[in-house]
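Per-entry structural report
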Amino acid sequence: MNRACGGVGIAEVCARAGLDTVLCEADATAARGARDRVAGSLERAARRGKLTTDEARTALDRLAFTGQLDDLADRQFVIEAITENAHAKADVFAALDKIVEDPAAVLATNTSSIPVMRLGMATHRADRVIGLHFFNPVPVLPLVEIVPSLHTSPETTALVEHFAESTLGKTVVRSRDRAGFVVNALLIPYLLSAIRMTESGFATPTDVDHGMELGCAHPMGPLRLADLIGLDTVAAISESLYEEFKEPLYAPPPLLQRMVEAGLLGRKTGRGFHTYD
């Protein structure tokens, strides 16, 4: 299920892997928009030779789109991918616990920073709840993080690893259940450091990004990457990390907070640390 852009990509890779897939959005209008985005992504993949036109059409046919959580009742594997907010996610897991009929169904979260235990405890089946964190764009990037909580059963972990590796063809890294997991625990302090450098007037966003792109061979500078992720998401992950560890390197800088309040969220709004058409 999805109420954020990552879930559309997750649904696409599941359908491309041959799975009967239902994508749940916030409402019927959002569900129609999600269908258009998946269709566009599949069309682009076909143009680039990543799959045939018939394969793209077949993948889209495997997808159903809905705005009702109740339509997930018969699912065996549900991946939550809504906004990065612990309370909202816990509410969804509590609802899924009542809706999903199969007691052996896996309830996974695509959270990038929130401890999985908090979400598992919103259900009566914490042994079937696990973190399965994809990276955007999901059809392109090969990595997923698998994060079992203290309650997640070994059987659930093994099943999800097999699903990610063998069914979806992803590369798996494993993490213990702590805020940020592996990638964001390393990435977010780097992004925040770049924001603080800009905030202090030490260097411009362009110079910061050129420094890391041309001096360290990074494919994208930290501020362009923050804009791509979404500054609201960067702030949410930062707050989750700071809440857990209380270390200053994880605290969101005032500039980041003001930009989020102003709606300057990066690529998705056309303006962040850089501007976009």
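It should be noted that the structure appears before, not after, this text.
Computed from a predicted model, the values in this text were never measured in an experiment.

1. Concerning the sheet that holds strand 6 (residues 143–148)
Pairing within the open sheet is mixed, and its five strands lie in the order 3-4-5-6-7. On the outer flanks of this sheet lie strand 3 (77–80) and strand 7 (171–174), each paired with one strand and no other. Mean inter-strand twist for the sheet, computed between neighbouring axes without regard to direction, equals 30°. Sheet topology places strand 3 next to strand 4 (residues 106–109); four bridges connect them, and they run parallel. What sits directly across from Val78, in strand 4, is Leu107. Most of the contacts of helix 4 (residues 86–99) go to strand 4, to which it runs at about 170°, and overall it touches strand 3, strand 4 and strand 5 (129–134). Most of the contacts of helix 6 (residues 154–167) go to strand 5, to which it runs at about 25°, and overall it touches strand 3, strand 4, strand 5, strand 6 and strand 7.

2. Observations regarding unusual backbone geometry
For the bond from Asn136 to Pro137, the omega torsion is -5°, close enough to zero to count as cis. If you trace the backbone, Pro137 turns up in the loop between strand 5 and strand 6. Unusually for a residue other than glycine, Phe181 sits at a positive phi of about 55°. Here the phi dihedral of Ala217 falls at roughly 60°; this positive angle occurs in a residue that is not glycine. Tracing the backbone through its elements, the reader meets Ala217 in the loop between helix 8 (205–215) and helix 9 (222–229).

3. Overview of the layout of surface pockets
Considering only enclosed or pocket space, the second largest pocket measures out at about 490 Å³ in volume. If you go around the second largest pocket, you meet 24 residues; those closest to its centre are Asp20, Arg75, Gln76, Phe77 and Val78. Broken down by secondary-structure element, the contributors of at least two residues to the lining of the second largest pocket are helix 1 (5–16), strand 1 (21–24), strand 3 and helix 6. Examining the composition of the lining of the second largest pocket, we find that four residues originate from one element, helix 1, more than from any other. Considering only residue class, the lining of the second largest pocket consists of 16 nonpolar, three polar and five charged.

So, how was this worked out
- Residues numbered from 1 in each chain as written.
- Predicted model: local features only at pLDDT ≥ 70, side-chain atom pairs only at ≥ 80, totals over all residues.
- Heavy atoms only, no water.
- Pairing = 2+ DSSP bridges.
- Helix = DSSP H or I, 4+ residues; strand = E, 2+ residues; numbered from the N terminus.
- Axes fitted to C-alpha atoms, helices over the stretch in contact; angles between N-to-C directions.
- Contact = heavy atoms within 4.5 Å.
- 1 Å grid on protein atoms, 1.4 Å probe; cavity = no way out; pocket = protein on both sides within 12 Å on 5 of 7 lines; lining within 4 Å.
- Points joined across faces, edges and corners; volume = space filled by probe spheres on them.
- Nonpolar A, V, L, I, M, F, W, Y, C, P; charged D, E, K, R; others polar.

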